[in-house]
Amino acid sequence: MEPITVLVHGALGKMGREVTAAICRDPELEVVGGVDIKATQEQFTLPDGSKKVPFSSDLSSLLEVCHPKVLVDFTIAEASISAARTALKRGVNVVIGTSGLLEDNLKEIAQLSEANRVGAVVAPNFTIGAAVLLNAVKAAARFFDYVDIIEMHHHEKADAPSGTALATAKAMLQSRGKPFLYSKTKKETLSGTRGGQVDGITIHSVRLPGFVASQEVVFGGQGQTLSVRHDTIGRECYIPGVIMAIKEVVKRQGLVYGLDTLLNLRGSDEGI
Ligand SMILES: NC(=O)c1ccc[n+]([C@@H]2O[C@H](COP(=O)([O-])OP(=O)(O)OC[C@H]3O[C@@H](n4cnc5c(N)ncnc54)[C@H](O)[C@@H]3O)[C@@H](O)[C@H]2O)c1
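Residues numbered from 1 in each chain as written. Predicted model: local features only at pLDDT ≥ 70, side-chain atom pairs only at ≥ 80, totals over all residues.

(A) View of the overall build of the protein. Of regular secondary structure, the protein possesses 8 helices and 13 strands. A globule of 272 residues ought to have a C-alpha radius of gyration of about 19 Å, and the protein, at 20 Å, matches this closely. Taken along the three principal axes of its C-alpha coordinates, the protein extends 65 × 40 × 30 Å. Within the protein, the proportion of its 272 residues that are buried is 38%. Partitioning the intrachain contacts of the protein with sequence separation of at least 6 by distance along the chain shows that 66% fall at a separation of at least 24. (Helix = DSSP H or I, 4+ residues; strand = E, 2+ residues; numbered from the N terminus. Rg over C-alpha atoms; globule rule 2.2 N^0.38 Å. Buried ≥ 20, exposed ≤ 12 C-beta atoms within 10 Å, placed from the backbone. Contact = placed C-beta atoms within 7 Å.)

(B) Main features of the sheet that holds strand β8 (residues 146-153). Taking strand neighbours across the sheet as the criterion, the 5 strands line up as β9-β10-β8-β11-β12 in an open arrangement whose pairing is mixed. Only two strands of the sheet have a single neighbouring strand rather than two, namely β9 (196-198) and β12 (224-232). Strand after strand, the sheet turns through a mean of 20° between neighbouring axes, direction not considered. As judged from the 8 bridges shared by β8 and strand β11 (residues 213-221), these two strands associate in the antiparallel manner. When the bridges of β11 are listed, M152 appears paired with S214. (Pairing = 2+ DSSP bridges. Axes fitted to C-alpha atoms, helices over the stretch in contact; angles between N-to-C directions.)

(C) Fine view of the pairing of strand β1 (residues 4-9). Alignment of β1 against strand β2 (residues 29-35), held across 6 bridges, turns out to be parallel. Each bridged residue has a counterpart across the sheet, and for L7 the counterpart in β2 is G33. With 4 bridges connecting them, β1 and strand β5 (residues 70-73) associate as parallel partners. Directly across from L7, in β5, lies its bridge partner L71.

(D) Structural view of the packing of helix α2 (residues 59-66) against helix α3 (residues 77-89). The contact between α2 and α3 brings their axes to 10 Å, and the two run at 35°. In the packing of α2 onto α3, the handedness of the crossing is right-handed. Here L59, S60 and L63 of α2 come into contact with α3, specifically with A83, T86 and A87. Residues that form the contact of α2 with α3 fall into these classes: 4 nonpolar, 2 polar and no charged. (Left-handed = near helix turned anticlockwise from the far one by under 90°. Nonpolar A, V, L, I, M, F, W, Y, C, P; charged D, E, K, R; others polar.)

(E) Geometry of the domain arrangement of the protein. The assigned domain composition of the protein is domain 1 (4-122 + 236-262) and domain 2 (128-233). Once you take the C-alpha centre of each, domain 1 and domain 2 turn out to be 31 Å apart. The interface of domain 1 with domain 2 comprises 6 residues on the first partner and 6 residues on the second. Of all the elements in the fold, those that place two or more residues in the side of domain 1 that touches domain 2 are α7 (239-249) and α8 (259-262). Taken together, the residues of the side of domain 1 that touches domain 2 sort by class into 3 nonpolar, 2 polar and 1 charged. (Domains from an automatic or database assignment.)

(F) Just the environment of R229, in detail. You can see R229 is positioned in strand β12. The sequence separation of R229 and V217 amounts to 12 residues, and the corresponding C-alpha distance is 6.3 Å.

(G) Main features of the nonpolar core. Judged by nonpolar contacts, the single largest core of 66 residues is most densely connected at V95 and V242. Composition of this core by domain shows at least three residues from each of domain 1 (4-122 + 236-262) and domain 2 (128-233). Once residues within four sequence positions are removed from consideration, V95 is found in contact with V70, V72, V121, V242, A245, I246 and V249. (Core = buried A, V, L, I, M, F, W, Y, C linked by C-beta atoms within 7 Å.)

(H) Here's a closer look at the packing of helix α5 (residues 128-140) against helix α6 (residues 163-176). In the contact formed by α5 and α6, the axes pass within 9 Å of each other and the chain directions differ by 35°. Between α5 and α6 lies a crossing whose hand is right-handed. Seen from α5, the contacting residues are A130, L134, V137 and K138; seen from α6, they are T164, T168, A171, M172 and S175. Looking at the contact of α5 with α6 residue by residue, the class counts come to 5 nonpolar, 3 polar and 1 charged.

(I) View of helix α1 (residues 14-25). The end-to-end C-alpha distance of α1, which contains 12 residues, comes to 17 Å, matching closely the 16 Å that a straight helix rising 1.5 Å per residue would cover. Those residues of α1 that fall on the buried side of the exposure criterion are M15, G16, V19, T20 and I23. End-on, the buried residues of α1 take up no more than an arc of 130°, which puts them together on one face. Opposite the buried face of α1, at more than 90 degrees from it, the exposed residues are K14 and R25. Considering only its buried residues, α1 is in contact with β1, β2, β5 and α7. (Expected span 1.5 Å × (residues − 1). Arc of directions from axis to C-beta.)

(J) Here's a closer look at the sheet that holds β2. Strand order in this open sheet of 8 strands is β3-β4-β2-β1-β5-β6-β7-β13, and the pairing throughout is mixed. The strands lining the two open edges of the sheet, one partner per strand, are β3 (43-45) and β13 (254-257). Recorded for the sheet is a direction-independent mean angle of 25° between the axes of neighbouring strands. With 4 bridges connecting them, strand β7 (residues 119-122) and β13 associate as parallel partners. Of the residues in β13, the one forming a bridge with A120 is L255. Relative to the sheet, α1 contacts β1, β2 and β5, its axis offset from that of β2 by approximately 150°.

Written out as structure tokens, the structure reads:
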């Protein structure tokens, strides 16, 4: 079988490099080019040293040269939606990991992928553990009235809480269909100690060197607690999900949102 040809958008970035190296290790896949706004040469050598492939800052021209089956994107949101438009209109499947896409962007990707009869996978978190955690906590959210989310990240993370924590809260609320209960503390002697609040869900953000990205969801019920925790210790955690998405996207038409959907973990009654 011919390998699935892939163009990496954001090839010089941390994720772009990891993904390029992982594709090179997989005999079913082949990197045929790279695009990055910082590209200064017309070619780059693949990490396994096997060959040089075209490299550019101009996606449109490289799509003409390389004719990839799939575009994988790890850049920034504005670049990502524009690349998705360009690729989908040319009949190229897309796998997008860039965070920060808006609901309107997702609608546009869904519409363009259907109109051009190609697949699109957009997943804000490509770790398999996070997808399984999401599925588990959505089930628990129906039976427990109290929940806290503790998310732990490296000390240089710019924002708090994490996008994943907010997405987890949203998914649990959707599954439950009403807010959680929250026990107010009569006297908080240190402001902020109880964490932030979303519809009864308390979120605590730990920022410490040593962590990469971890999340624990703790449910409280009568005489019992339930904790579901996911830890990542390196950037390679995203790779199995990305590789799976590349192999799946070519078999589909339209948008698949979230790795949990791709893994068939999500209930069929839920949309994006
Ligand atoms: N979905 C996931 O599981 C997952 C995992 C890790 C990171 N991310 C997200 O992926 C994105 C990239 O992360 P990173 O750590 O690799 O960042 P990074 O800054 O290391 O890499 C981004 C790359 O995109 C390039 N770029 C920026 N604008 C561009 C443009 N207009 N055209 C072409 N290339 C452009 C940059 O030059 C850079 O090389 C972020 O949004 C991050 O949050 C998602």
